2 protein chains.
Amino acid sequence: MESLAADVFSRACTSREALEHVTGKWSLLALSALQEAPHRFGELRRRVDGVSEKMLSQSLQTLERDGWVHREVRSTIPPHVEYRLTPAGAELAPKLLALIGFVEDRLPQVHAARDRHDAAH
Amino acid sequence: MESLAADVFSRACTSREALEHVTGKWSLLALSALQEAPHRFGELRRRVDGVSEKMLSQSLQTLERDGWVHREVRSTIPPHVEYRLTPAGAELAPKLLALIGFVEDRLPQVHAARDRHDAAH
DNA sequence: CAGAATCCCTCTTGATACTG
DNA sequence: CAGTATCAAGAGGGATTCTG
């Protein structure tokens, strides 16, 4: 029997999949944007610069399915759809923001490291 | 010259690339493993269950280039190569661990959300 | 042991166009 | 407005072989 606790290091552990869903390129940015405020689809698309409609839609569906994001539809004409973080998502987002903030702050060092590394070879 | 503040939401911002490097499927796990202790290549390969030599090698090279991981070679026979976190990496890793731990803890809720979502359609 | 190099295939990605 | 459908291109990833 293996350990009872979830273990990302194990190939079979589903936490790996769940983790990939939230750390995905576009998911990460969508969650961060939603941390600021609820957004409509088009707003999100503009906020997350460079994302295609397809990938945004796909990412949002996955995030909704995993319970991080709530999707609210108002059946008006034209349609109005709003995305917001669920309570779980609201707990998750700050951890992502911490990560993003840290990497942004360290960006100069990252570039310096790359220059050093590239120069050495 | 680009914007003064790093902004992941901007398509052009290089922080996005740096972020993808550390949140990549295998990079994330490699950094987590190295947080526990320095590892040799083969140890890392066994610890990160499911990774191929190719992808592990590739991930480690990227992490080394960005300055999160240090690679130390001892020119013995057989060769001995040890990977460890740099000081920057040691600051980064806990943030990743926090994320992983959170998602692992929430795994039951994630599955429950999926079941609810799938049942509704 | 620690990788580099190669081949090969699948899955993701991203324009573009179309729909309710 | 908020997506879905389609298709071409490229990256991701596995298996195998080779080298210092």
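Refer to the structure presented above.
Residues numbered from 1 in each chain as written. Chains lettered and ligands numbered in written order. Predicted model: local features only at pLDDT ≥ 70, side-chain atom pairs only at ≥ 80, totals over all residues. Heavy atoms only, no water.

### Details of the overall build of chain A
Let me state the cut-off plainly: In this text, helices come from DSSP runs of H or I with a minimum length of four residues, and strands from runs of E with a minimum of two, each type numbered from the N-terminal end. We take the radius of gyration over the C-alpha atoms and set the globule estimate at 2.2 Å times the residue count to the 0.38 power. For every residue, the accessible area (1.4 Å probe, protein chains only) is compared with the maximum for its type, and the residue is labelled buried under 20%, exposed over 50%, or partly exposed between those bounds.
Helix and strand counts for chain A stand at 5 helices and 3 strands. What you see in chain A, going N to C, is helices and strands ordered as α-α-β-α-α-β-β-α. Taken over C-alpha atoms, the radius of gyration comes to 18 Å for chain A, far larger than the 14 Å a tight globule of 121 residues would show. Taken over the C-alpha atoms alone, chain A extends approximately 60 × 45 × 25 Å along its principal axes. Per-residue burial over chain A gives 43% buried out of 121 residues.

### Describing the relation of the copies chain A and chain B
Using the following cut-off: Copies overlap after least-squares fitting; the atoms used are the C-alpha atoms of residues with pLDDT of at least 70 in both. Contacts are residue-level and defined by heavy atoms, with any inter-residue pair within 4.5 Å sufficient.
Its rotation angle being 180°, the transformation that places chain A on chain B also includes 0.0 Å of axial translation and leaves an RMSD of 0.1 Å. When the rotation and shift are considered jointly, the pair of chain copies conforms to a two-fold rotation axis. Identified as the residue of chain A closest to the rotation axis by C-alpha distance is Thr23(A), at 3.1 Å. A high fraction, 100%, of the interface residues of chain A reappear at the interface in chain B, so the copies pair face to face through one surface.

### Things to note about the pattern of salt bridges
Convention followed: Salt bridges are identified by distance alone: a Lys or Arg side-chain nitrogen within 4 Å of an Asp or Glu carboxyl oxygen.
Under the counting rule described, the total for this entry stands at 20 salt bridges over all chains. Glu91(A) serves as the salt-bridge partner of Arg106(B), at 2.2 Å between the closest nitrogen and oxygen. One end of the pair, Arg106(B), is in helix 5 (residues 87-119); the other, Glu91(A), is in helix 5 (residues 87-119), on a second chain. What makes Glu91(A) partly exposed here is its relative accessible area of 39%. Among the ionic pairs, Asp66(B) bridges to Arg114(A), the shortest N-O distance being 2.6 Å. Of this pair, Asp66(B) sits in the loop between helix 4 (53-65) and strand 2 (69-74) while Arg114(A) sits in helix 5, on two different chains. Within this structure, Glu72(A), Arg74(A), Glu82(A) and Arg84(A) form a network of salt bridges that share partners.

### A word on the sheet that holds strand 3 (residues 80-85) of chain A
Residue and element names in this part refer to chain A. Test applied: Strand pairing is assigned whenever DSSP detects at least two bridges linking the two strands. Here the axes come from fitting lines to C-alpha atoms, over the contacting stretch only for helices, and the angles between their N-to-C directions go from 0 to 180 degrees.
One open sheet accounts for 3 strands, arranged 1-3-2; its pairing is antiparallel. The outermost strands of the open sheet, each flanked by one partner alone, are strand 1 (39-40) and strand 2 (69-74). Strand direction decides the pairing type here: strand 2 and strand 3, joined by 6 bridges, are antiparallel. The residue of strand 3 that forms the bridge with Val69 is Leu85. Docked against the sheet, helix 2 (residues 25-36) engages strand 1, strand 2 and strand 3, running at close to 95° with respect to strand 3.

Everything listed here is a matter of geometry and, on its own, says nothing about what the molecule does.
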